[in-house]
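Breakdown of the fold
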Amino acid sequence: MRIGKSSDIHALGKNRKLILGGEEIESDLGLVGHSDADALLHAIAEAILGALALGDLGKHFPDTDDKYKGISSLTILEEVYKMMDERGYIINNVDSLIMIEKPKMAPHIDKMRANIAKALNTDINNISVKATRGEGLGFVGRREGVLAEAIVLLEEKK
């Protein structure tokens, strides 16, 4: 077994799409970044890289490389899955959290879980996505940004 943990933060800005867990969510503000800025998928992908002792997301998908400009974070997660698979590991479980003031995430959680499970070639029951608000406090509460966290447990293939 190997465990990995990561967090990802992206600013919120106008004229950007809000994409979390591979789902485009209607919102007046979207995430700012080099890729589609899906903080949830970035946290999960980097937690997997950490569990494998392969460094961080920027090492493999640098924001200085134009080939990753606007890339779907689902594509990034699928590439990280390949790295995990090549090293002989599978997902035991993923536990993740999105911290965002609004919009509400509850209507989108099941679709996010399905997207993540598909990208990681695992059962949806191995994927947990939760969300919480900032209650008006800090950068999350002021709607300046989004923070996502993830913990993954990998197990060796049998």
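Everything in this summary refers to the structure shown in the same document. Values in this document were obtained by computation on a predicted structure and should not be read as measured data.

A closer look at the nonpolar core
With 49 residues, the main nonpolar core has Leu20, Ile48 and Leu120 as its most contacted residues. Within the residue set of this core, elements represented by two or more residues are β2 (18-20), α1 (39-51), α3 (73-86), β5 (89-99), α4 (109-119), β6 (127-132) and β7 (145-156). Examining the composition of this core, we find that ten residues originate from one element, α1, more than from any other. Excluding its chain neighbours within four sequence positions, the residues that come into contact with Leu20 are Ile25, Leu31, Asp38, Ala39, Leu40, Ile98, Ile100, Met105, Met112 and Val146.

Let's talk about the pairing of β5
Bridge analysis of β5 against β7 gives ten bridges, and the strand direction is antiparallel. By the bridge assignment for β7, Leu97 is matched with Glu149. For the crossover from β5 across α4 to β6, the handedness is right-handed.

Examining the layout of surface pockets
Summary: where empty space remains is shown by rolling a probe the size of a single water molecule over the atoms. Each pocket or cavity is described by its volume, and for the largest pocket that value is around 260 Å³. Taken together, 17 residues form the lining of the largest pocket, with Ser35, His42, Leu57, Phe61 and Asp63 sitting closest to its centre. If you list the elements that add at least two residues to the lining of the largest pocket, you get β1 (2-13), α1 and α2 (57-60). Residue composition of the lining of the largest pocket, grouped by class: six nonpolar, eight polar and three charged.

What about α4?
Among all positions in α4, only Ile109, Met112, Arg113, Asn115, Ile116, Ala117 and Ala119 are buried. On its buried face, α4 sits against β2, β3 (23-25), α1, α3, β5 and β6.

The rules behind these values
Residues numbered from 1 in each chain as written. Predicted model: local features only at pLDDT ≥ 70, side-chain atom pairs only at ≥ 80, totals over all residues. Heavy atoms only, no water. Core = buried A, V, L, I, M, F, W, Y, C linked by side-chain atoms within 4.5 Å. Buried < 20%, exposed > 50% of the residue type's maximum accessible area, 1.4 Å probe, protein only. Helix = DSSP H or I, 4+ residues; strand = E, 2+ residues; numbered from the N terminus. Contact = heavy atoms within 4.5 Å. Pairing = 2+ DSSP bridges. Right-handed = clockwise from strand over helix to strand, strands pointing away. 1 Å grid on protein atoms, 1.4 Å probe; cavity = no way out; pocket = protein on both sides within 12 Å on 5 of 7 lines; lining within 4 Å. Points joined across faces, edges and corners; volume = space filled by probe spheres on them. Nonpolar A, V, L, I, M, F, W, Y, C, P; charged D, E, K, R; others polar.

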